[in-house]
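Spelled out from the first residue to the last, the chains are:
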Amino acid sequence: MTVRAGCPQRTPAVEATVAHPASLVISLPLEYTAFCLRHQEPYHRYSHVRLRHEAASRNAVAAALGDLALNWDGALRSACLPAVAWRLLRARVQAAARANDPRPPDTLHRAWPADQADALILRYRLSLTTDQSAHLMGVDPAVIATHLRTALRDLPR
């Protein structure tokens, strides 16, 4: 199996079982839980920059991770799990932004295409490295570097 940068190798699925007091049993794969624990905080920071509202940010992240849980098997079979998760997160954040205002609330998404604006947010507003940004978005670090170079070149002098 070929593994792209930002796309972790897959390990055999192991499940965690949570018993609800009303005898409802919810089983979540440990890989999914680990993915959520690793990505929840940077996802929230990203959504908070975009939405500028704590509750809306948390709700967007929770909804995106819920979407990922519902599509977990397909996401695992995809070429890159982090890329699938990033698309789900971006869609939820965009939907939350449109619910409050039809224009994107942040200046970067009004000025640049979504991938470039996201790269700028991750790198410069959240102070992530190029490699960390690439991992979150599920792309090669060279893609992030290109987005950043292009966006910075297009800045007004």
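Definitions and cut-offs
- Residues numbered from 1 in each chain as written.
- Predicted model: local features only at pLDDT ≥ 70, side-chain atom pairs only at ≥ 80, totals over all residues.
- Heavy atoms only, no water.
- Axes fitted to C-alpha atoms, helices over the stretch in contact; angles between N-to-C directions.
- Helix = DSSP H or I, 4+ residues; strand = E, 2+ residues; numbered from the N terminus.
- Parallel < 35°, antiparallel > 145°, perpendicular 65-115°, else oblique.
- Contact = heavy atoms within 4.5 Å.
- Nonpolar A, V, L, I, M, F, W, Y, C, P; charged D, E, K, R; others polar.
- Salt bridge = Lys/Arg side-chain N within 4 Å of Asp/Glu carboxyl O.
- Buried < 20%, exposed > 50% of the residue type's maximum accessible area, 1.4 Å probe, protein only.
- Core = buried A, V, L, I, M, F, W, Y, C linked by side-chain atoms within 4.5 Å.
- Patch = residues over 30% accessible without salt bridge, like charges linked within 9 Å, V, L, I, M, F, W, Y side chains within 5 Å.
- Areas by Shrake-Rupley, 256 points an atom, 1.4 Å probe, with all protein chains shown as cover.
- Expected span 1.5 Å × (residues − 1).
- Arc of directions from axis to C-beta.

(A) Focus on the packing of helix α7 (residues 130-137) against helix α8 (residues 141-153). It is the contact of α7 with α8, at a shortest axis distance of 8 Å, that shows an interaxial angle of 110 degrees. Classified by the angle their axes make, α7 and α8 are roughly perpendicular. Side by side, α7 and α8 meet where Thr130, Asp131, Ser133, Ala134 and Met137 of the first sit next to Pro141, Ile144, Ala145 and Leu148 of the second. Classifying every residue of the contact of α7 with α8 gives 6 nonpolar, 2 polar and 1 charged.

(B) Region of the structure containing the pattern of salt bridges. Applying the stated criterion across every chain, the model contains 6 salt bridges. For the salt bridge of Arg92 with Asp67, the shortest nitrogen-to-oxygen distance reads 2.7 Å. With Arg92 in helix α4 (residues 81-100) and Asp67 in helix α2 (residues 54-70), the pair connects residues that are 25 residues apart, well separated along the chain. We classify Arg92 as partly exposed; its relative accessible area is 35%. Where salt bridges share partners, they join Arg90, Asp115 and Asp118 into one cluster.

(C) Layout of the side chain of Ser133. Looking at where Ser133 falls in the secondary structure, it is placed in helix α7. Judged by relative accessible area, Ser133 falls into the buried class, the value being 0%.

(D) A look at the packing of helix α6 (residues 114-125) against α8. Between α6 and α8, whose axes approach to 9 Å, the crossing angle comes to 100 degrees. In terms of orientation, α6 and α8 fall into the roughly perpendicular class. Here α6 contributes Asp115, Gln116, Ala119, Leu120, Arg123 and Tyr124 to the contact with α8, which in turn contributes Ile144, His147, Leu148, Thr150, Ala151 and Leu152. When the residues that make up the contact of α6 with α8 are grouped by side-chain class, the tally is 7 nonpolar, 3 polar and 2 charged.

(E) Region of interest: the nonpolar core. Tyr43, Tyr46, Leu68, Trp86, Leu89 and Leu122 are the most contacted members of the largest nonpolar core, which has 41 residues in total. Examining the composition of this core, we find that 9 residues originate from one element, α4, more than from any other. The residues touching Tyr43, leaving out its near neighbours within four places in the chain, are Phe35, Val61, Leu65, Pro82, Ala85, Trp86, Leu89 and Leu136.

(F) Expanded view of a nonpolar patch on the surface. Together, Leu24, Ile26 and Leu28 make up an exposed nonpolar region whose accessible area comes to about 230 Å². You can see Leu28 is positioned in strand β2 (residues 25-29). Classification of Leu28 by relative accessible area gives partly exposed; the value is 30%.

(G) Main features of α2. Compared with an ideal rise of 1.5 Å per residue, which puts 17 residues at 24 Å, α2 spans 24 Å between its outermost C-alpha atoms and is within 8% of the ideal. For α2, the set of buried residues is Ala56, Ser57, Ala60, Val61, Ala64, Leu65, Asp67 and Leu68. End-on, the buried residues of α2 take up no more than an arc of 165 degrees, which puts them together on one face. Of the exposed residues in α2, the ones pointing more than 90 degrees away from its buried face are Asn59, Ala62 and Leu70. Here the buried face of α2 lies against α1 (30-51), α3 (72-77) and α4.

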